[in-house]
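Residue-level listing of the chains:
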Amino acid sequence: MPEQFLEWTLESAGAGGYGMYRVPGLVVTGSGRILAYYDARSAVEERQDLILRASNDGCTWEERRILVQGRRGETTHNAVMIAERGGKTVHFFYNVDHAKCYYMKSLDEGRSWGGERDLTPVFDGFRDEYPWDVFSVGPGHGIELSDGSLFLQAWLSSGGNTHRPSVVAGILSEDGGETWHRCGIVRDSPLFVNPNEAAACELSDGRILLNIRHDTPLRRRAVVTSADRGARWNGPRFELALPDPVCAAGIVRVSSTHRSHDFFAFSNCAWDDLPGLKSYLEGGRRWSDDARRNLTVRLSMDDCGTWPYGRRIAEQSGYSDLAVSSDGTTLYCIYEKDWLGGQCISPRTMAIARFGVDWVKLQTETGPLS
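This part is about unusual backbone geometry. With an omega dihedral of -10°, the bond running from Arg164 to Pro165 counts as a cis peptide bond. One can find Pro165 in the loop between strand S12 (150-157) and strand S13 (166-173). Gly235 connects to Pro236 through a cis peptide bond whose omega is 10°. Here Pro236 lies in strand S18 (residues 234-243). The residue Asn78 is not glycine, and still its phi comes out positive at about 55°. Tracing the sequence through the fold places Asn78 in strand S6 (residues 76-83). The phi dihedral of Asn194 falls on the positive side, at around 50°, and the residue is not glycine.

Encoded structure:
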């Protein structure tokens, strides 16, 4: 079991003809193959590609592959995957212009992909309940539930081309991705403002949990749960132990034969950005230029009820996602790291780290970072 912290730079801004790499996701297949994926943004060519890097050992990484080549003037974005636990099947989703969603499937752990399908009609079904203008799946990864169903989180906005106003939703497949149907909507309210980018996991009792970014003037992550595979949602509740500056996060359930029960890992920029909140309440920007800092990985041993263990892995960061090795002993975190020009929404590199669960436990958090 690796207990030390190891880090690799997958991409640097400007490399490969791309000015910036953003919005990462991460999955591990049943045999242990690691798939890292993210946006590659070219300002010169005015297009975005979706990139895949793979590893069979978590130390050496295959060369960059273009999963989807974007078109000039279009926004190709938000790559999301679901890796099935019991084999080599991987499901892949992405958006175009926040208006279309496409889906592909791999039967060989991401080495090749089947034909593309348009899932936008599934999201059109939400219009009866919520008149969305734009939407996106993810970010990060979706999940395979214990009954074999596939769940993919998404957010919808009626604001034209922005994240707000917004709600969170999901889609579900009960037949391995052949057909999909919409789940219930996690709505906003005066006390729960603009829920959007969410991270999903399945709790030990089968409930789906969504850990959600939002614009509520309480810089703490919000959580909702569903006991009926996303048809209805309970909550929200605000996790006082999880400060957040309005940024995407990652969550993963860790199963291991070496431990008596499953537990959960969570990654995010653990800072409440009170200066940014003050500006937001006065009608200004939502966050400070340096808001996305203190990328921290935390552990929960009680179904995401408490988070007693936490360790910071980067000072300047952004979006992140988590995955766990097939034997449950090793965690992987992919994240935007360091900032260009002091702007926290412009990462300098895309990094990935490998570390053991016990490495995180070496430091115990007694309260939220701020």
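Taken as a whole and judged by the stated rule, the model has 17 aromatic pairs. A ring pair is formed by Phe5 and Trp359, whose centres lie 5.0 Å apart and whose planes are at 25°; its orientation type is stacked. On the criterion of sequence distance, the pair formed by Phe5 in the segment before strand S1 (6-12) and Trp359 in helix H3 (residues 357-361) is long-range, its members being 354 residues apart. Here Phe123 and Phe135 contribute two aromatic rings whose centre-to-centre distance is 4.5 Å and whose plane-to-plane angle is 25°, an arrangement assigned as stacked. Of this pair, Phe123 sits in helix H1 (residues 120-124) while Phe135 sits in strand S10 (residues 134-137), and the two are 12 residues apart along the sequence. Residue Phe123 shares its accessibility class with Phe135, and that shared class is buried. Over the aromatic face of Trp287 sits the side chain of Arg292, whose NZ or CZ is 4.4 Å from the ring centroid. Geometry around Trp271 places Arg293 over its ring, the cationic atom sitting 3.9 Å from the centre.

This part takes up the sheet that holds strand S3 (residues 34-42). If you walk across this open sheet you meet the four strands as S2-S3-S4-S5, and the pairing is antiparallel. On the outer flanks of this sheet lie strand S2 (20-28) and strand S5 (65-68), each paired with one strand and no other. Taken over all neighbouring pairs, the strand axes of this sheet differ in orientation by 30° on average, direction set aside. One ladder, built from seven bridges, connects S2 with S3; its direction is antiparallel. Looking at S3, one finds that Met20 is bridged to Arg41.

By secondary structure assignment, the location of Thr120 is in helix H1. With relative accessibility at 3%, the residue Thr120 sits in the buried group. A distance of 2.5 Å separates polar atoms of two side chains, one belonging to Thr120 and the other to Asp118. The residues touching Thr120, leaving out its near neighbours within four places in the chain, are Ala99, Lys100 and Cys101.

Our next topic: the confidence of the model for the protein chain. Here the protein chain averages 95 in pLDDT, while 96% of its residues score no lower than 70. Long-range and interchain partners of residues 366-370, a stretch whose pLDDT sits below 50, account for 14 contacts in this model, where long-range means more than four residues apart.

The biggest cluster of nonpolar side chains holds 22 residues, and the ones touching the most others in it are Phe93, Phe123, Phe126, Val137, Leu156, Ile171 and Trp180. Those elements that provide at least two residues to this core are S6, strand S8 (100-106), H1, S10, S12 and S13. No other element matches the four residues that S12 contributes to this core.

Once that is clear, we can look at the environment of Met301. You can see Met301 is positioned in the loop between strand S21 (293-300) and strand S22 (309-324). Spatially, the C-alpha atom of Met301 lies 7.4 Å from that of Asp262, the residues being 39 residues apart in sequence. Contact partners of Met301, with chain neighbours within four places excluded, come to His261, Phe263, Thr306, Tyr309 and Lys361.

Conventions used here
- Residues numbered from 1 in each chain as written.
- Predicted model: local features only at pLDDT ≥ 70, side-chain atom pairs only at ≥ 80, totals over all residues.
- Heavy atoms only, no water.
- Helix = DSSP H or I, 4+ residues; strand = E, 2+ residues; numbered from the N terminus.
- Phe/Tyr/Trp six-rings, centres within 6.5 Å; stacked < 30°, edge-to-face > 60°.
- Buried < 20%, exposed > 50% of the residue type's maximum accessible area, 1.4 Å probe, protein only.
- Lys NZ or Arg CZ within 6 Å of the ring centre and 35° of its normal.
- Pairing = 2+ DSSP bridges.
- Axes fitted to C-alpha atoms, helices over the stretch in contact; angles between N-to-C directions.
- Polar contact = N/O pair within 3.5 Å; in protein donor to acceptor, adjacent residues only side chain to side chain.
- Contact = heavy atoms within 4.5 Å.
- pLDDT = per-residue confidence, 0-100.
- Core = buried A, V, L, I, M, F, W, Y, C linked by side-chain atoms within 4.5 Å.

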